[in-house]
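Now for the letters of each chain:
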Amino acid sequence: MSVLKRIRVVSSIVVFHIVLSFGSAVSAEQSDNYLERWQAMNNSMLQPNWVRFFTHAATWTGKPHMDIMGIYQPTYTDFEDDRVDTFGFTRARLGVRGAVTNNITFWTLFETARNGVTGPTDGGFRLLDAQINWNIGDFVNLRMGQFIPDFSQTIAAGAFVDWIDYTDIEKTVWFFNRQGDGQTTALRELGASLWNEYHSGNHVFNYEIGYYNGRGLNQVEGVNSGQTGDPDDEKDIIAGARYGYGKAWAHAGYWIGEREFSGEEVDKTKYSATIGYGNFIKDKYWIMAEYLDTDEEQPLNADDVESDGFYIAAGWKPHPRWKLVYRYSECDCEENIGPPGPSDTEQHTFSLTHFLKGQMKIVAQYDINNDDLGVVDFKDDNAFRVYFSMPLSYRITK
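Computed from a predicted model, the values in this text were never measured in an experiment.

Q: I'm lost on the overall build of the protein chain in this one. Help?
A: What the protein chain contains, in helices and strands, is five helices and 16 strands. The buried share among the 398 residues of the protein chain stands at 50%. Residue pairs at least 24 apart in sequence account for 59% of intrachain contacts in the protein chain once pairs closer than 6 positions are excluded. Of the accessible surface of the protein chain, which amounts to about 17800 Å², a share of 61% is contributed by carbon and sulfur atoms.

Q: Where do I start with the pattern of salt bridges in this structure?
A: A pair can form between side chains of opposite charge whenever their charged atoms are brought close. Counting across every chain of the model gives 13 salt bridges. When the shortest N-O distance is used, the salt bridge between Arg 97 and Asp 67 registers 3.6 Å. One end of the pair, Arg 97, is in strand 2 (residues 86-101); the other, Asp 67, is in strand 1 (residues 65-79), and 30 residues separate them in sequence. Of the two residues examined, Arg 97 and Asp 67, each falls in the buried class. Note that Asp 129 and Arg 188 form a salt bridge whose closest N and O atoms lie 2.8 Å from each other.

Q: Any chance you could explain the nonpolar core here in plain terms?
A: Soluble globular proteins: nonpolar side chains tend toward being buried together. Membership of the largest hydrophobic core comes to 35 residues, with the highest contact counts inside it found for Phe 151, Trp 286 and Met 288. At the level of secondary structure, the elements contributing two or more residues to this core comprise helix 3 (50-55), strand 1, strand 3 (104-111), helix 5 (168-175), strand 9 (248-261), strand 11 (285-296), strand 12 (305-319) and strand 13 (322-335). With four residues, the top contributor of residues to this core is helix 5.

Q: Explain the pairing of strand 2 to me, please; I cannot follow it from the model alone.
A: A regular strand places its side chains so that they alternate between the two faces of the sheet. Here 13 bridges tie strand 1 to strand 2, and the two strands are oriented antiparallel to one another. Looking across to strand 2, one finds that Thr 77 is bridged to Thr 86. The pairing of strand 2 with strand 3 spans eight bridges and is antiparallel. Along strand 3, the bridge assignment pairs Arg 97 with Trp 107. Counted along the chain from strand 2 to the antiparallel partner strand 3, the turn is two residues long.

Q: Quick question: what am I supposed to make of the side chain of Asp 283 here?
A: By the secondary structure assignment, Asp 283 is in the loop between strand 10 (264-277) and strand 11. The exposure class of Asp 283 is buried, given its relative accessible area of 11%. At 2.7 Å, the side chain of Asp 283 forms a polar contact with the backbone nitrogen of Asn 279. With residues up to four places along the chain from it excluded, the contact list for Asp 283 reads Lys 247, Gly 278 and Lys 317.

Q: How should the confidence of the model for the protein chain be read in this particular structure?
A: Interpretation of this model should avoid reading the predicted coordinates in detail wherever pLDDT is low. Looking at the protein chain, pLDDT values average 78 and 74% of them are 70 or higher. Looking across the protein chain, the model is least confident in helix 1 (residues 3-27), with a mean pLDDT of 41, and most confident in strand 5 (residues 140-147), with 94. Across residues 223-230 the pLDDT falls below 50, and counting only partners more than four positions away or on other chains, this stretch makes 24 contacts in the model. Across residues 374-379 the pLDDT falls below 50, and counting only partners more than four positions away or on other chains, this stretch makes nine contacts in the model.

Q: What is the right way to look at the pairing of strand 11 in this model?
A: Summarising the sheet, strand 10 and strand 11 pair through ten bridges and their orientation is antiparallel. Along strand 11, the bridge assignment pairs Lys 270 with Thr 294. Across twelve bridges, strand 11 lies against strand 12 in antiparallel orientation. Each residue of the ladder has a partner; that of Asp 295, found in strand 12, is Glu 306.

Q: Just to check I follow, could you spell out the packing of aromatic side chains for this structure?
A: The geometry of an aromatic ring pair is captured by the separation of the ring centres together with the interplanar angle, meaning the angle of the planes. In this structure the tally under the stated criterion is eleven aromatic pairs. Between Tyr 76 and Phe 87 the ring centres are 4.7 Å apart and the planes differ by 45 degrees, which places this aromatic pair in the tilted class. Of the two residues, Tyr 76 sits in strand 1 while Phe 87 sits in strand 2, which places them eleven residues apart along the sequence. Its relative accessible area of 68% is what places Phe 87 among the exposed residues.

Q: Looking at this structure, I do not really get the environment of Asp 85. What am I missing?
A: Turning to its location among the elements, Asp 85 is positioned in the loop between strand 1 and strand 2. Note: C-alpha distance between Asp 85 and Ala 383 (298 residues apart in sequence) is 9.6 Å. There is a polar contact of 3.1 Å between the side chain of Asp 85 and the backbone nitrogen of Phe 79.

How each quantity is defined
Residues numbered from 1 in each chain as written. Predicted model: local features only at pLDDT ≥ 70, side-chain atom pairs only at ≥ 80, totals over all residues. Heavy atoms only, no water. Helix = DSSP H or I, 4+ residues; strand = E, 2+ residues; numbered from the N terminus. Buried < 20%, exposed > 50% of the residue type's maximum accessible area, 1.4 Å probe, protein only. Contact = heavy atoms within 4.5 Å. Areas by Shrake-Rupley, 256 points an atom, 1.4 Å probe, with all protein chains shown as cover. Salt bridge = Lys/Arg side-chain N within 4 Å of Asp/Glu carboxyl O. Core = buried A, V, L, I, M, F, W, Y, C linked by side-chain atoms within 4.5 Å. Pairing = 2+ DSSP bridges. Polar contact = N/O pair within 3.5 Å; in protein donor to acceptor, adjacent residues only side chain to side chain. pLDDT = per-residue confidence, 0-100. Phe/Tyr/Trp six-rings, centres within 6.5 Å; stacked < 30°, edge-to-face > 60°.

Shown next as structure tokens:
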């Protein structure tokens, strides 16, 4: 066993025991009834727990049920440079979710549009999420399958935030693995994780620690996966933890992984740190800031690929049906990746959201970009985007 593997195993055991100790102290104050306890958490939640949301946890109504659910976001993009203005889909997703027993739930989601997830030329259907969640008593949940790990707060909530496009630093750190792949992860990983959430008065704590293939949507290991590198059993560990007090909250994510090329081991390490005040879904005012960093070793003694950056965003609802959001971001992106990099980017984003009903909304966004793309001097690609966002959920079993 390599030194890195030993560190992974020991760290996982230590973190898990700490979490269980914390959970034992807090869960003693909770109701013995599983449904009542989770309903109380839902009612008192000051910030969304996206792990809980995407596992469809605590939805037992006394008998099994299944919902059709999805989200449609047709989008128009108008660039100020010479690129073609176009209609497209940010998301066109459909799936099913449900509860089998009082402690086992499932969630499955497909992308149906031609976009960055399915490929610019392939289009068609692609599996995004397929997971089963098992609540094991008061202490822990186990989820297994393909899903979004708890690494970054707003990336996990991409379908619900009030802007259309991600920042450059989010795309660079999480959308791709840079160890010879260059293929999208679509923020998903295939593996298993342990997670839970605990409440005590105004204090909220949730965590997740998972063990994954580290290949994103490619799902399988080795040369038959279509990726470079040797077939090996190396896995990634991704962990996230969040603490909230009242409306103030903080989140941290950690990602460590390893691959093998011609007998040479190369490591990757990624970090995220987020602070915020308020709930961007329901509060009149909110603000958040996130820092992201990645360092990915390359084979054949090439220089590491390194990126880091941040964004800060704030929102205001002057009226229940209207929201204004400003976001500023910087990215020192992809150092040592070669031409046309490195790429230093700066972006100002202004968005206006009009809510039609619930989370059904129209969002208009204008991006002012200032890009320094190293050896190639591309134009600053200011852009205007607008989309109609319609989430849906319909129970097909009673």
